[in-house]
Amino acid sequence: MKKVITYGTYDCLHYGHIRLLERAKALGDYLIVGVTSDAYDKERGKINGTQSVLERVEAVRKTGLADLIIIEEYEGQKIDDIIKYGVDIFTVGSDWVGKFDYLNDYCKVVYLDRTVGVSSTDIRSESKSIRIGIVGESTLTSKFRNECRYVNGVTVSGLCYEDVLEDKITAKEFDFVTSDYNELLDRSDAIYVVSHPKTRYSHTKLALLAGKHVICQSPISENVTEIEELFRIADEEGLVLMDSIKTAYSLAYQRLILLMKTGNIGDIVSVDATCTSILKYDLSDVNVLRKRWGSYNAWGPTALLPVLQLLGNNPCDFNIVSKIGNEELNFDIFTKIDFTYSNAVASIKVGNGVKSEGELIISGTKGYAYIPAPWWKTEYFEIRYEDTREVKKFYFKIDGEGIRYEIVAFIDLISSVSNLLYVSRDISRDFVKYSELINKKMFKKI
Ligand code: CTP
């Protein structure tokens, strides 16, 4: 019996897939179809699937062409499968010509002509095309715009900003630029708010009232009353309002949190997170500085994320200490918050104007997790034990610092593909709560 094997994502199964499976089957007597798992697709940068692996397997099954369906979960699995199942022929479409020649060492490799004019990518783009407008100017503006290119069905409708900072050329990258926010709202289905923390509330509110979904840089507002109001409006209007905080959407970070929750280091006793950057501006230049974000606004939510996700948002006590670089603007160049929980402690150190080692350490009763700098966009971390032979090392690829995944999460929420909110509302509210305390100068000054 001649065995044939082929692999694919098979998202939104289409005519091209069916033709390929028919021809693959005709090459032999027994067809094995490998369907890529969601995690493997994500790892290899194919993050735009709309259907889960179960739905995709079911679609392949319904064609009646596969004698066996398997899940492809890791790089190199094709070699294992070919040996394991005694495969005679490996085949894929001609879009892969040359890529799988290395399998010739194990079986015959056949590239079949790809059907012209149809692809999952096209089908996905037709089914949902969401125009995202960007308001605000920061280093994230360009990054977000670039990352939208990797997400199917998303177009960037333009940029709105109040004035151009001297060192930024972001505006030139956009086809449409305006200083009139209403103009941006008119041509968008959704808005990415990355403006100064002081204007995020009004930008978000106006967008929601205009019926637009919002993804807003954390912290979403300057005080808790405002964020509560924004959540209420979003719910009343049936709109998505979510935090933009790229770390929350990156695979390595998500896996780390799950590993911590499943007891890999025993009971968690301490979470210590540091995020810092150097400020290139003169602290006495009020006009320039008022457009920048202080250390809490720049880094606080990111550093708080693992604390709140692992220990919850009910500390018995906390203590904020800040170093203010400019009194007039209450611009903190460094902030440290220490938390005491009933059975654990945590501390965050954030700086925008003070530099330190940007690592995350989670200590437990059996071991600890070490996430090296810059931990907020790391692809690598270790779970360490006293016996060094037991150390576990983890690597997860991150594309686009996680921004790509947060855009996908946003689109999935808008199109109801998923209702998974990576950052819960309790956590969004807490990001704002600590910001409000700092705004009100309720910290110890050093
Ligand atoms: N295929 C094909 N003709 C098409 C589309 C896909 O022969 N028009 C083949 C691919 O070459 C591959 C298999 O079908 O062998 C599964 O492809 P997959 O990557 O799942 O589908 P695409 O439509 O190419 O998906 P995407 O647009 O997401 O890349």
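Our structure's up above, just so we're on the same page.
Here is what the cut-offs are and how they apply
- Counting restarts for each chain: residues are numbered from 1 in the order of the written sequence.
- Where totals are concerned, whole chains, interfaces and linings use all residues; where local detail is concerned, this predicted model gives features only for residues with pLDDT of at least 70, and gives and counts side-chain atom pairs only at 80 or more.
- Side-chain figures throughout are based on the complete set of non-hydrogen atoms in the structure, without hydrogens or water.
- The way it works is that DSSP assigns letters per residue, a run of H or I at least four long becomes a helix, a run of E at least two long becomes a strand, and they are numbered from the N terminus.
- For this measure, only C-alpha atoms enter the radius of gyration; the expected value for a globule follows 2.2 Å times N^0.38, where N is the number of residues.
- The rule is simple: take the accessible area with a 1.4 Å probe, protein chains only, and divide by the maximum for that residue type; under 20% is buried, over 50% is exposed, in between is partly exposed.
- Only heavy atoms matter for contacts: two residues are in contact if any of them lie within 4.5 Å across the pair.
- Throughout, near means a residue has at least one heavy atom within 4 Å of the molecule or strand.
- Any N or O atom pair separated by 3.5 Å or less is treated as a polar contact, with the protein-specific requirement of one donor-capable and one acceptor-capable atom, and with residues adjacent in sequence counted only for side-chain atom pairs.
- Computed with the Shrake-Rupley method and a 1.4 Å probe, the accessible areas treat only the protein chains shown as cover for residues.
- Basically, the charged four are Asp, Glu, Lys and Arg, the nonpolar ten are Ala, Val, Leu, Ile, Met, Phe, Trp, Tyr, Cys and Pro, and anything else, Gly included, counts as polar.
- Strands are labelled as partners when DSSP assigns at least two bridges between them.
- Helix axes use the C-alpha atoms of the stretch in contact, all axes being lines fitted to C-alpha atoms, and the angles between their N-to-C directions lie in the range 0 to 180 degrees.
- Any Lys or Arg side-chain nitrogen located within 4 Å of an Asp or Glu carboxyl oxygen qualifies as a salt bridge.
- Note on terminology: a nonpolar core comprises buried Ala, Val, Leu, Ile, Met, Phe, Trp, Tyr and Cys residues joined through side-chain atoms within 4.5 Å.
- In this description, one arc is meant: the one made by directions from the helix axis to the C-beta atoms.
- Angles below 35 degrees are treated as roughly parallel, those above 145 as roughly antiparallel, those between 65 and 115 as roughly perpendicular, and all remaining angles as oblique.
- We call a crossing left-handed when the near helix sits turned anticlockwise from the far one by less than a right angle, and right-handed when that turn is clockwise.

(A) Quick peek at the overall build of the protein chain. Helix and strand content of the protein chain: 14 helices and 20 strands. Here the C-alpha radius of gyration of the protein chain, 25 Å, is about what a compact globule of 446 residues would show, namely 22 Å. With the C-alpha coordinates of the protein chain rotated into their principal frame, the extents come out at 80 × 60 × 40 Å. Expressed as a percentage of the 446 residues in the protein chain, the buried residues total 55%.

(B) Representation of the side chain of Ser 218 within the structure. Its location among the elements puts Ser 218 in the loop between strand S10 (213–217) and helix H9 (224–237). The buried category is assigned to Ser 218, whose relative accessible area is 3%. Not counting the four nearest positions on each side in its chain, Ser 218 is found in contact with Arg 200, Asp 243, Ser 244, Ile 245, Asn 297, Pro 301 and Phe 431.

(C) Structural view of the site of the ligand. With respect to spatial proximity, 18 residues lie near the ligand, and among them Asp 95, Thr 115, Val 118, Ser 120 and Thr 121 are the closest. Note that an oxygen atom of the ligand is positioned 3.0 Å from one of the backbone N or O atoms of Thr 9. The contact in question runs from a nitrogen atom of the ligand to an N or O atom on the backbone of Thr 115, over 2.8 Å. For the ligand, whose free accessible area comes to 570 Å², the fraction covered by protein is 93%. Listed by contribution, the elements that provide at least two residues to the shell around the ligand are helix H1 (15–26), strand S4 (89–93) and helix H5 (120–127). Residue composition of the shell around the ligand, grouped by class: 4 nonpolar, 10 polar and 4 charged.

(D) Quick look at the sheet that holds strand S19 (residues 392–395). The strand order across the open sheet built from 9 strands is S19-S18-S17-S16-S12-S15-S14-S13-S20, with neighbouring strands paired in mixed fashion. The sheet is open, and its two edges are formed by S19 and strand S20 (444–445), each paired on a single side. As paired strands, strand S13 (residues 317–326) and strand S14 (residues 331–340) are joined by 9 bridges and run antiparallel to one another. By the bridge assignment for S14, Asn 326 is matched with Phe 331. Sheet contacts for helix H10 (residues 251–261): strand S12 (268–277), strand S16 (360–364), strand S17 (368–371), strand S18 (380–384) and S19; angle to S18, the most-contacted strand, approximately 15 degrees. Each of S12, S14, strand S15 (345–352) and S16 touches helix H12 (residues 295–311); the most contacted strand, S15, lies at about 160 degrees to it.

(E) Region of interest: the pattern of salt bridges. Scanning the model with the defined rule gives 19 salt bridges in all. In this structure, Arg 404 and Glu 147 form a salt bridge, with 2.6 Å as the shortest nitrogen-oxygen distance. Of the two residues, Arg 404 is situated in helix H13 (residues 403–414) and Glu 147 in helix H6 (residues 139–148); the sequence distance between them amounts to 257 residues. In this pair, the class of Arg 404 matches that of Glu 147, namely buried. Between Asp 235 and Arg 425 there is a salt bridge, with the nearest N and O atoms lying 2.9 Å from each other. Taken as a pair, Asp 235 in helix H9 and Arg 425 in helix H14 (residues 425–439) lie far apart in primary sequence, 190 residues in all. A relative accessible area of 49% places Asp 235 in the partly exposed class.

(F) Representation of the pairing of S15 within the structure. Most of S15 sits inside the fold, with 6 of its 8 residues counted as buried. Sheet analysis places S12 next to S15, joined by 8 bridges and oriented parallel. Each bridged residue has a counterpart across the sheet, and for Thr 276 the counterpart in S15 is Gly 351. Where S14 meets S15, 7 bridges bridge the pair, whose relative direction is antiparallel. Among the inter-strand pairings, Phe 334 is bridged to a residue of S15, identified as Gly 351. The antiparallel hairpin formed by S14 and S15 contains 4 residues in its connecting segment.

(G) Main features of the nonpolar core. Counting 80 residues, the largest nonpolar core has Ile 132, Met 260 and Ile 362 as the members making the most contacts within it. For Met 260, the contacting residues outside a window of four places in its chain are Ile 265, Ile 268, Leu 310, Ile 362, Ala 369 and Ile 383. Counting 21 residues, the second-largest nonpolar core is a separate cluster that includes Tyr 181, Leu 230, Leu 241 and Val 432.

(H) View of helix H3 (residues 53–63). Taken as a whole, H3 has its buried residues at Val 53, Arg 56, Val 57, Ala 59 and Val 60. For H3, the angular spread of the buried residues around the axis is 160 degrees, confining them to a single face. Summarising the geometry of H3, the exposed residues directed more than 90 degrees from the buried face are Leu 54 and Lys 62. Backbone geometry just downstream of H3 places Gly 64 in the positive-phi region, at approximately 70 degrees.

(I) Geometry of the sheet that holds strand S7 (residues 154–160). Judged by pairing direction, the sheet is parallel, and its 6 strands sit side by side in the order S8-S7-S6-S9-S10-S11 without closing on themselves. Looking at strand neighbours, the two that pair on one side only are strand S8 (177–178) and strand S11 (241–244), the edges of this open sheet.

(J) The arrangement of the packing of H6 against H13 in detail. At a minimum axis distance of 9 Å, the contact between H6 and H13 shows a crossing angle of 65 degrees. Between H6 and H13, the angle falls in the class roughly perpendicular. Handedness of the H6/H13 crossing: right-handed. Contacts between H6 and H13 pair Leu 140, Lys 143, Phe 144, Glu 147 and Cys 148 from the former with Ile 403, Arg 404, Glu 406 and Ile 407 from the latter. Here the contact of H6 with H13 is built from residues that sort into 5 nonpolar, no polar and 4 charged.

(K) Highlighting unusual backbone geometry. With omega at -5 degrees, the peptide bond leading from Ser 218 into Pro 219 counts as cis. Inspection of the secondary structure assignment puts Pro 219 in the loop between S10 and H9. Residue Pro 374 follows Ala 373 across a cis peptide bond; omega there is -10 degrees. Mapped onto the elements, Pro 374 comes out in the loop between S17 and S18. Of note in the backbone geometry, Cys 12 takes a positive phi value of approximately 45 degrees without being a glycine. Mapped onto the fold, Cys 12 is located in the loop between strand S1 (3–8) and H1. Even without being a glycine, Lys 441 presents a positive backbone phi close to 60 degrees.

So yeah, pure geometry; function would need other evidence.
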